[in-house]
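Geometric and topological summary
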Amino acid sequence: MSSNSLTLAPAPRLEAAERVRAEVREFLAVELAAGAFTPHVDAWLSGVDPGFSRRLGERGWLGMTWPKEYGGHERSAMERYAVTEELLAVGAPVAAHWIADRQSGPNLLRYGTERQRREILPRIAAGECYFVIGMSEPDSGSDLASIRTRAARNGDGDWVVNGAKIWTSNAHLSHYAITLVRTSPPGEGPRGRHRGLSQLLVDLSLPGITVNPIRILDGGHHFNEVVFTDVVVPGDMLLGEEGNGWHQVTAELAFERSGPERFLSTYPLLAEFGRRAAAIGDPAQLATLGRLSARLLALRQLSLRIAAALDRGELPDIAAALVKDVGTTFEGDVIEEIRRVVEVVPSLDSPDPLGRALAEAQLHQPGFTLRGGTNEILKGIVARGLGLR
Ligand SMILES: Cc1cc2nc3c(=O)[nH]c(=O)nc-3n(C[C@H](O)[C@H](O)[C@H](O)COP(=O)(O)OP(=O)(O)OC[C@H]3O[C@@H](n4cnc5c(N)ncnc54)[C@H](O)[C@@H]3O)c2cc1C
């Protein structure tokens, strides 16, 4: 079901969510006090800590909404949202499991075979199995339907994959890539390119796969180029229907675009700034804090409505595109507005947590409005949803 009205129904009462929120806060306070992790800006993409992921799995905070028979916990999307928010707010190292928990698991639940679900989902929920998004290619980003990675059946019914993916976050640390491939030629007409695409569940340890690192501005390694040379993927690792890849990818992107990570990547910076501004009492800093907080609260309300719609089984892809556009713009504005009112030198080596958070945020900022679909593309989706194109 598609629901793209911007007057989505109000979120349900949130008592259970507030209970789990309190538990997560307590857990995080203990972890922080023990020095188990250092908070970072944008840690949902670059803060990889398998031990932390496993500890979340042990507490039942991964695969939260999935059926128990697949290792899930049958809790509401609102409870999951509360857990997610708390982890993002402190800049916890959640990157190892993030994509598997957010979108690959739900994708498997929707399209996977019984065997795929039983083998993989419990491992994701335990915080032990990590996924990457195998969509973008060196010559295909926004124009995803133009991908050139191909898969053809061999005599044994297996898939032989050739091509390359790029910007593949954490491929060097992950187990599977849900890989969009062309399995038959495109069809005729303007939407013909959407036909003949399929998704494969590719085990990243298979022979013929090379993972080449690409460094980001802060020197960190989370990006990769993943090259496939005659990689033989077992025939039963097709995800969903052959030729239905475009439809499946679109559904996956609704999960990818709708979460609070699309406006909370710079929250650890905002929180650090807020503590400082409250202590100093400078009027310009307090005004900045007030402006940013008001925008954040409005974004949160929009995002909660989308989580509620997903909980009802709807596909609010246009509303999600809008919130991601506005949310990632906000993430960048947090940096610019704070920079104008503090006299702090941004540096990754700064002994001052505000200087460190500012440097991290600045060096990660270029990706905010690109990843998961650029803001120009998202505006195009919203315009189409409004009947303007
Ligand atoms: C931090 C980060 C993590 C990422 N992780 C992954 C990942 O794990 N897996 C994965 O598959 N991909 C990943 N990506 C890739 C991301 O999805 C692409 O960068 C994005 O879709 C844009 O594609 P591109 O880089 O090829 O830019 P292009 O598509 O070449 O676009 C270049 C510019 O042209 C504009 N443009 C293009 N087409 C149009 C149009 N029709 N109308 C208006 N403007 C247009 C774009 O908005 C952009 O500003 C990641 C990217 C980043 C930054």
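Residues numbered from 1 in each chain as written. Predicted model: local features only at pLDDT ≥ 70, side-chain atom pairs only at ≥ 80, totals over all residues.

Quick word on the nonpolar core
The following threshold applies: The nonpolar core criterion groups buried Ala, Val, Leu, Ile, Met, Phe, Trp, Tyr and Cys residues into a set whenever they are joined through C-beta atoms within 7 Å. Exposure classification rests on a simple neighbour count of other C-beta atoms within 10 Å of a residue's own: a residue reaching 20 or more is buried, one at 12 or fewer is exposed, and one in between is partly exposed. C-beta atoms are placed from the backbone. For every residue pair, C-beta atoms are placed from the backbone, and the pair is scored as a contact if these atoms sit within 7 Å.
Formed by 100 residues in total, the largest nonpolar core has its most connected members in Ala95, Val161, Ala177, Leu200, Val202, Leu269 and Ala307. Excluding residues that lie within four positions of it along the chain, Val161 makes contacts with Thr149, Ala151, Val181, Leu200, Val202, Phe228, Val231 and Val233.

A word on the site of the ligand
Applied cut-off: Each residue receives a C-beta atom placed from its backbone. It is near a molecule or strand if this atom lies within 6 Å of it. Helix and strand assignments come from DSSP, with helices taken as H or I runs of at least 4 residues and strands as E runs of at least 2, each series counted from the N terminus. What fixes the domain bounds is an automatic or database domain assignment.
Residues in close proximity to the ligand total 19 residues, the closest being Gly141, Ser142, Gly367, Thr374 and Glu376. Of all the secondary structure elements, the ones that give two or more residues to the shell around the ligand are strand 1 (131-134) and helix 13 (375-385). Built from parts of two domains, the shell around the ligand gets at least three residues from each of domain 2 (133-244) and domain 3 (250-385).

Some details on the domain arrangement of the protein
Think of interface size as the accessible area that goes away when the parts come together; that is how it is often given. Note the threshold: Asp, Glu, Lys and Arg are counted as charged, while Ala, Val, Leu, Ile, Met, Phe, Trp, Tyr, Cys and Pro are counted as nonpolar; the rest, among them Gly, fall into the polar class.
Domains assigned within the protein are domain 1 (15-130), domain 2 (133-244) and domain 3 (250-385). Here the C-alpha centre of domain 2 lies 25 Å away from the C-alpha centre of domain 1. Every contact between the two is made by 14 residues of domain 1 and, on the other side, 13 residues of domain 2. Sorting the residues of the side of domain 1 that touches domain 2 by element identifies helix 2 (43-46) and helix 5 (95-111) as the ones contributing at least two each. With 6 residues, helix 5 is the single largest residue contributor to the side of domain 1 that touches domain 2. Across the side of domain 1 that touches domain 2, the residue classes tally to 8 nonpolar, 6 polar and no charged.

Describing the environment of Val231
Within the fold, Val231 resides in strand 7 (residues 221-233). The exposure class of Val231 is buried, given the 23 C-beta atoms found within 10 Å. In this structure the C-alpha to C-alpha distance between Val231 and Ala151, which are 80 residues apart in sequence, comes to 9.1 Å. Not counting chain neighbours up to four residues away, the residues in contact with Val231 comprise Val161, Leu206, Gly208 and Ile209.

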